[in-house]
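Architecture and fold: a report
So the chains spell out like this:
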Amino acid sequence: MRRHLLNRAEDNDPMSVVSNLFDVAMVFAVALMVALVSRYNMTEMFSQEDFTMVKNPGKENMEIITKEGGKINRYTPSDDNDKTGNKGKRVGVAYELENGDIIYVPE
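One structure accompanies this document, and this report is about it.

What counts, and where the lines are drawn
Residues numbered from 1 in each chain as written. Predicted model: local features only at pLDDT ≥ 70, side-chain atom pairs only at ≥ 80, totals over all residues. Heavy atoms only, no water. Helix = DSSP H or I, 4+ residues; strand = E, 2+ residues; numbered from the N terminus. Buried < 20%, exposed > 50% of the residue type's maximum accessible area, 1.4 Å probe, protein only. Contact = heavy atoms within 4.5 Å. Expected span 1.5 Å × (residues − 1). Pairing = 2+ DSSP bridges. Patch = residues over 30% accessible without salt bridge, like charges linked within 9 Å, V, L, I, M, F, W, Y side chains within 5 Å. Areas by Shrake-Rupley, 256 points an atom, 1.4 Å probe, with all protein chains shown as cover. Salt bridge = Lys/Arg side-chain N within 4 Å of Asp/Glu carboxyl O. Axes fitted to C-alpha atoms, helices over the stretch in contact; angles between N-to-C directions.

Right, let's get into the overall build of the protein chain. In terms of regular secondary structure, the protein chain is built from two helices and five strands. Along its sequence from the N terminus, the protein chain presents helices and strands in the succession α-α-β-β-β-β-β. Sorting the 107 residues of the protein chain into buried and exposed places 7% on the buried side. The long-range share in the protein chain, meaning contacts at least 24 apart out of those at least 6 apart in sequence, stands at 1%.

Moving on, we get to helix H2 (residues 15-39). Here H2 is 25 residues long and its end C-alpha atoms lie 36 Å apart, about the 36 Å a rise of 1.5 Å per residue gives. The positive-phi residue at the C-terminal boundary of H2 is Asn 41, with phi of around 50 degrees.

Further remarks concern the pairing of strand E2 (residues 63-68). Pairing analysis gives five bridges linking strand E1 (residues 51-55) to E2, with the strands arranged antiparallel. Bridge pairing links Met 53 to Ile 65 in E2. Both E2 and strand E3 (residues 71-75) contribute to a ladder of five bridges, which runs antiparallel. Bridging from a neighbouring strand, Thr 66 pairs with Asn 73 of E3.

Taken together, the side chains of Phe 28, Leu 32, Leu 36 and Tyr 40 present a nonpolar region at the surface, about 460 Å² in accessible area. The topology assignment puts Leu 36 in helix H2.

Turning our eyes to something else, we now look at the side chain of Thr 66. One can find Thr 66 in strand E2. The class for Thr 66 is buried, based on a relative accessible area of 17%. When sequence neighbours within four positions are dropped, the list of residues in contact with Thr 66 reads Phe 51, Thr 52, Lys 71, Ile 72 and Asn 73.

Attention now moves to the sheet that holds E1. Within a sheet, adjacent strands bond to each other through the backbone by hydrogen bonds, running parallel or antiparallel. Strand order in this open sheet of three strands is E1-E2-E3, and the pairing throughout is antiparallel. The open sheet is flanked by E1 and E3, the only strands paired with a single partner. On average, each strand axis in the sheet is tilted by 15 degrees relative to the strand beside it, whichever way the strands run.

Below, the discussion takes up the pattern of salt bridges. Counted according to the given criterion, the structure contains two salt bridges. Residue Glu 63 pairs with Lys 55 through a salt bridge whose shortest N-O separation is 3.6 Å. Residue classification places Glu 63 among the buried positions, given a relative accessible area of 12%. Residue classification places Lys 55 among the partly exposed residues on the basis of a relative accessible area of 37%. Notably, a salt bridge pairs Glu 63 with Arg 74, separated by 2.3 Å at the nearest N-O pair. In this pair, Glu 63 sits in strand E2 while Arg 74 sits in strand E3, placing the two residues eleven residues apart along the sequence. Three or more residues are tied together by salt bridges with common partners; here these are Lys 55, Glu 63 and Arg 74.

Following this line, the structure appears as structure tokens:
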């Protein structure tokens, strides 16, 4: 009786190990994606609302990311003319107060 349990047909199938590894890899990949989205606070990307987000404000590598409808736009400000030919001008100054409020002063 004991030998009958050890010699089942499923134990001799070498492909059963591969299918189990694939399942484990898929679960790991989904868990990694969920962890990255929650770590970098990117949950806004999946909502239906429009938003504007500024990455690294006031630094050289600052980026402005906007979502309008289903379209996501990235803008990286630079001193010289960029590839698209878009130009901008300074329209005001924003100040952050000690309590965290931001005041915009147009020029």
